[in-house]
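What the coordinates show
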Protein chains: 2
Amino acid sequence: MAKLKIIVSATSFFCTRIEWALKLKGLEYELTVEDWFKGKTELLLKSNPVHKKVPVLLDDGDVIAESKVILEYIDEKWKGGDFYPLLPQDPYERAQARFWAQFADDKCVFGAFEACLAEDGEEKEKAVETTLESFTYLEKQIEGKKFFAGDKMGYLDLVAGWIPHWLSVMEEIGGIKIFDAERFPSLHEWAQNFIEIPLIKECLPPRDVLVNHYIRRLSAVRSLKPNKP
Amino acid sequence: MAKLKIIVSATSFFCTRIEWALKLKGLEYELTVEDWFKGKTELLLKSNPVHKKVPVLLDDGDVIAESKVILEYIDEKWKGGDFYPLLPQDPYERAQARFWAQFADDKCVFGAFEACLAEDGEEKEKAVETTLESFTYLEKQIEGKKFFAGDKMGYLDLVAGWIPHWLSVMEEIGGIKIFDAERFPSLHEWAQNFIEIPLIKECLPPRDVLVNHYIRRLSAVRSLKPNKP
């Protein structure tokens, strides 16, 4: 079998969740690293012409894009036997995992991004408040459990896995506070536990690399924003 | 087994795709119909407190929201034997179906909505152009095939199933032209074929009901839009 390849960027948690999944499955892979500031490679543009975004999984000629689609692909292609299951087996539990994964990406990730980018003052306060509401839903999902699906780490943990490491960088650079331990005690406990799992920890980009990336990226995005009238 | 219930609105294709799936599976169901203009019922607010949106599937105490999540649930709960398969069996083909379903909803549906809502002139032209680009990708997916997955109707056909019936209403009310037969010949052939399948046809809301709904809804949404400075 040809070795799996993933096109990634060094700082994107959408990519790290794929690495975690492949490691959980015990699969070997190679990384091809894109540099956000140097422009996109021919390989990325050819592999994901629709969205032109990382991550992309290259599996012996088959090309799969979009991180949650890739996670499901990995779980369906390498299943049974000794392969670690990512999604639960029960159809209703699978539906719940998919619902909350979509919610976590649509509302929590993009809520936090928007709060970072928002202008100081009323715009930022409103963006933070909306994101806090979304995190409150996520807090309820993890209450009383070690992982989102119960006793074992799975799909939704990987999707929410940016929270323990990336969110504090976003808070620092964006001048916001989202992840308050008193407001989200269960999510905090989960985060501290999740980040210490060796397989999870070993894929994390160094914090200073993330800080530098977000400073440059925030500045680049802000310079593209139209000035208010 | 308690009868399945779906909370729907009479005009939403996100709901009709669930009805199609249940009919393909040979499952009986009851409809609870929401009225977009009368406000949301207690049942909807209790069943989908996160998004407060139709469709919602009620399956003997289990509640599932978000139309693509519901489609996968239906396919996973009622599978094997005589049950009609919605998604392909091969992991790569499943990944492709999921990728394009997400694309069709994110880019084609919301592209068409935005083109309808856009102000006449440059804003509308740009929104139409973007949506046409998205439809070009979808056209390539159906070229040379009867259905998106090949010879048999499946998941992606249901997700794209709004195109043959709803899009022309959106074009009429929004003053736009997207679905040109010369530009999208394969998609047109698929659409004409799909809409004539009896099981598909019998779930379609009457065109005049859709026209009235979109006129009222467009007017309501426009009145909420902030005036330009």
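For chain A, the name recorded in an unreviewed UniProt entry is glutathione transferase, with Eucalyptus grandis as its organism. Check the Sequence similarities (unreviewed entry) section of the UniProt entry for chain A; it says "Belongs to the GST superfamily. Tau family." UniProt annotates chain A under Catalytic activity (unreviewed entry) with the comment "RX + glutathione = an S-substituted glutathione + a halide anion + H(+)".

In this section: the packing of aromatic side chains. Applying the stated rule across the entire model yields 34 aromatic pairs over all chains. Aromatic pair Trp 36 of chain B and Phe 37 of chain B: ring centres 5.0 Å apart, planes at 75°, arrangement edge-to-face. A residue is classified by how much of its surface remains accessible, and Trp 36 of chain B, at 39% relative accessible area, is partly exposed. Judged by its relative accessible area of 29%, Phe 37 of chain B falls in the partly exposed class. Between Trp 100 of chain B and Tyr 137 of chain B, the ring centres sit 6.4 Å apart and the planes meet at 35°, which makes this aromatic pair tilted. Of this pair, Trp 100 of chain B sits in helix H4 (residues 91-117) while Tyr 137 of chain B sits in helix H5 (residues 122-142); the two residues are 37 residues apart in sequence, bridging distant segments of the chain. In textbook terms, an aromatic cluster arises when at least three aromatic residues are bridged by ring pairs, as seen for Phe 13, Phe 14, Phe 110, Phe 113, Phe 135, Trp 162, Trp 166, Phe 179 and Phe 184 of chain A.

Many analyses report the size of an interface as the accessible area lost when the parts associate. Listed by partner, the interface residues are 28 residues for chain A and 28 residues for chain B. Where chain A abuts chain B, roughly 2200 Å² becomes buried across the two surfaces, and 68% of that area is made up of carbon and sulfur atoms. Put simply, chain A and chain B have six salt bridges between them. Residue Glu 76 of chain B pairs with Arg 98 of chain A through a salt bridge whose shortest N-O separation is 2.9 Å. If you look at where chain A meets chain B, you find eight residue pairs in polar contact (both at pLDDT 80 or more). Of all elements in the fold, only strand S4 (62-65), helix H3 (67-77) and helix H4 (91-117) of chain A reach the threshold of two or more residues within the side of chain A that touches chain B. No other element matches H4 of chain A, which puts eleven residues into the side of chain A that touches chain B. Residue composition of the side of chain A that touches chain B, by class: 15 nonpolar, four polar and nine charged.

Basis of the calculations
Residues numbered from 1 in each chain as written. Chains lettered and ligands numbered in written order. Predicted model: local features only at pLDDT ≥ 70, side-chain atom pairs only at ≥ 80, totals over all residues. Heavy atoms only, no water. UniProt positions renumbered as here; feature names shortened; annotations may be inferred. Phe/Tyr/Trp six-rings, centres within 6.5 Å; stacked < 30°, edge-to-face > 60°. Buried < 20%, exposed > 50% of the residue type's maximum accessible area, 1.4 Å probe, protein only. Helix = DSSP H or I, 4+ residues; strand = E, 2+ residues; numbered from the N terminus. Contact = heavy atoms within 4.5 Å. Buried area = accessible area lost by both parts, 1.4 Å probe. Salt bridge = Lys/Arg side-chain N within 4 Å of Asp/Glu carboxyl O. Polar contact = N/O pair within 3.5 Å; in protein donor to acceptor, adjacent residues only side chain to side chain. Nonpolar A, V, L, I, M, F, W, Y, C, P; charged D, E, K, R; others polar.

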